[in-house]
Amino acid sequence: DIEIAIKVVIVGNGGVGKSSMIQRYCKGIFTKDYKKTIGVDFLERQIEIDGEDVRIMLWDTAGQERFRSITKSYYRNSVGVLLVYDITNYASFEHIPLWMMEAQRHIEPHRPVFALVGCKLDLVNAGGRREVSTEEAQTFAKEHGLHFVETSARNGVNVEEAFRMVTQEVYTR
Ligand code: GDP
Ligand code: MG
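Residues numbered from 1 in each chain as written. Chains lettered and ligands numbered in written order. Predicted model: local features only at pLDDT ≥ 70, side-chain atom pairs only at ≥ 80, totals over all residues. Heavy atoms only, no water.

S.K.: I tried to follow the site of ligand 1 on my own but got confused; where do I start?
M.R.: Gly15, Lys18, Ser20, Asp122 and Ala153 are the nearest of the 18 residues found near ligand 1. Within the side chain of Ser20, one N or O atom sits 2.6 Å away from an oxygen atom of ligand 1. Here a nitrogen atom of ligand 1 and a side-chain polar atom of Asp122 are 2.7 Å apart. Of the residues assigned to the shell around ligand 1, the class counts are 5 nonpolar, 7 polar and 6 charged. (Near = heavy atom within 4 Å. Polar contact = N/O pair within 3.5 Å; in protein donor to acceptor, adjacent residues only side chain to side chain. Nonpolar A, V, L, I, M, F, W, Y, C, P; charged D, E, K, R; others polar.)

Written out as structure tokens, the structure reads:
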């Protein structure tokens, strides 16, 4: 029996790789042509934390990021927030403080566990242009008390870790 469920929301600019992260984590796949988001619903995955079965419900935006119209119900009861940017797109990193404030405002009075996640690491490893240095992101994360990791939904690098950091802290605090 699963007794514990944890709701995690994933926010960030459109196109940074949020839906791909969720797909990779919950279904183990990366689809290049994956355009549509999973909508207002969520995907879930069951993991074990300290010997307990925990259900993680991952909420994805349905493209509302363009219109800044993510509603309070999207954030309701969430205990973890992934703040996602694309490491090959500096503008997506510049927006992170806004996403963080927006999430905090909706989740108040509770403070969720935040993780800063730099996506599309595979592009850099394949010789693409990095626009956000690891050091700059790390410094920002430290200043704001966020977990931090760089990931690739394409090859799966650090995707498990990104969710694990958040859920582990939620579970143990
Ligand atoms: P969202 O708008 O934040 O949900 O972003 P999507 O998950 O829809 O991804 C936007 C685009 O980036 C799509 O073309 C994806 O195939 C691509 N993408 C997402 N994650 C990665 C990744 O880790 N590596 C690479 N190379 N492309 C990615
Ligand atoms: Mg999406």
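After presenting the structure, the write-up continues.
S.K.: Looking at this model, I keep getting lost on the sheet that holds strand β6 (residues 147-150). Mind explaining?
M.R.: Working definition: the strands of a sheet are paired by backbone hydrogen bonds and lie parallel or antiparallel to each other. Read across the open sheet, the 6 strands follow the order β2-β3-β1-β4-β5-β6; overall the sheet is mixed. Lying at the two open borders of the sheet, with one neighbouring strand each, are β2 (42-49) and β6. Strand-to-strand, the axes of this sheet are offset by a mean angle of 25 degrees, without reference to chain direction. Examined bridge by bridge, strand β1 (residues 4-11) and strand β4 (residues 80-86) share 4 bridges and lie parallel to one another. Note on β4: the bridge partner recorded for Val11 is Leu83. Along the sheet face, helix α6 (residues 134-144) touches β4, β5 (113-119) and β6 and points at about 160 degrees away from the line of β6. Where helix α7 (residues 159-172) meets the sheet, its contacts fall on β1, β2, β3 (52-59), β4, β5 and β6, and the angle it forms with β2 comes to roughly 70 degrees. (Pairing = 2+ DSSP bridges. Helix = DSSP H or I, 4+ residues; strand = E, 2+ residues; numbered from the N terminus. Axes fitted to C-alpha atoms, helices over the stretch in contact; angles between N-to-C directions. Contact = heavy atoms within 4.5 Å.)

S.K.: Help me out: how do you make sense of the pairing of β1 in this one?
M.R.: Look at any regular strand and the pattern is simple: side chains alternate between the two faces of the sheet. Across the 8 residues of β1, 6 count as buried, placing the element largely inside the fold. Bridge count between β1 and β3: 6 bridges; the pairing is parallel. Bridge assignment links Ile4 to a residue of β3, and that residue is Val54. (Buried < 20%, exposed > 50% of the residue type's maximum accessible area, 1.4 Å probe, protein only.)

S.K.: Before we go on, may I ask you to explain the pattern of salt bridges in this structure?
M.R.: Under the definition given, this model contains 7 salt bridges. Lys120 serves as the salt-bridge partner of Asp86, at 3.3 Å between the closest nitrogen and oxygen. Taken together, the residues Asp86 in strand β4 and Lys120 in the loop between β5 and α5 (121-125) connect sequence positions 34 residues apart. Assessed through its relative accessible area of 6%, Asp86 is described here as buried. For Lys120, a relative accessible area of 24% corresponds to the partly exposed category. Here Glu150 makes a salt bridge to Arg130, at a shortest N to O gap of 2.9 Å. (Salt bridge = Lys/Arg side-chain N within 4 Å of Asp/Glu carboxyl O.)

S.K.: Help me understand the nonpolar core, please; the structure alone is not making it clear to me.
M.R.: Burial of nonpolar side chains together is a common tendency in soluble globular proteins. Counting 27 residues, the largest nonpolar core has Tyr75, Leu83, Tyr85 and Leu116 as the members making the most contacts within it. Looking at this core, the elements that each hand over two or more residues are β1, β3, α2 (72-75), β4, α4 (96-107), β5, α5 and α6. In terms of residue count, the dominant contributor to this core is α4 (5 residues). Setting aside its immediate chain neighbours within four residues, Leu83 contacts Val11, Ile96, Trp99, Met100, Phe114, Ala115, Leu116, Val117 and Leu146. Grouped together as the second largest cluster of nonpolar side chains are 25 residues, Leu43, Ile47, Val117 and Val159 included. (Core = buried A, V, L, I, M, F, W, Y, C linked by side-chain atoms within 4.5 Å.)

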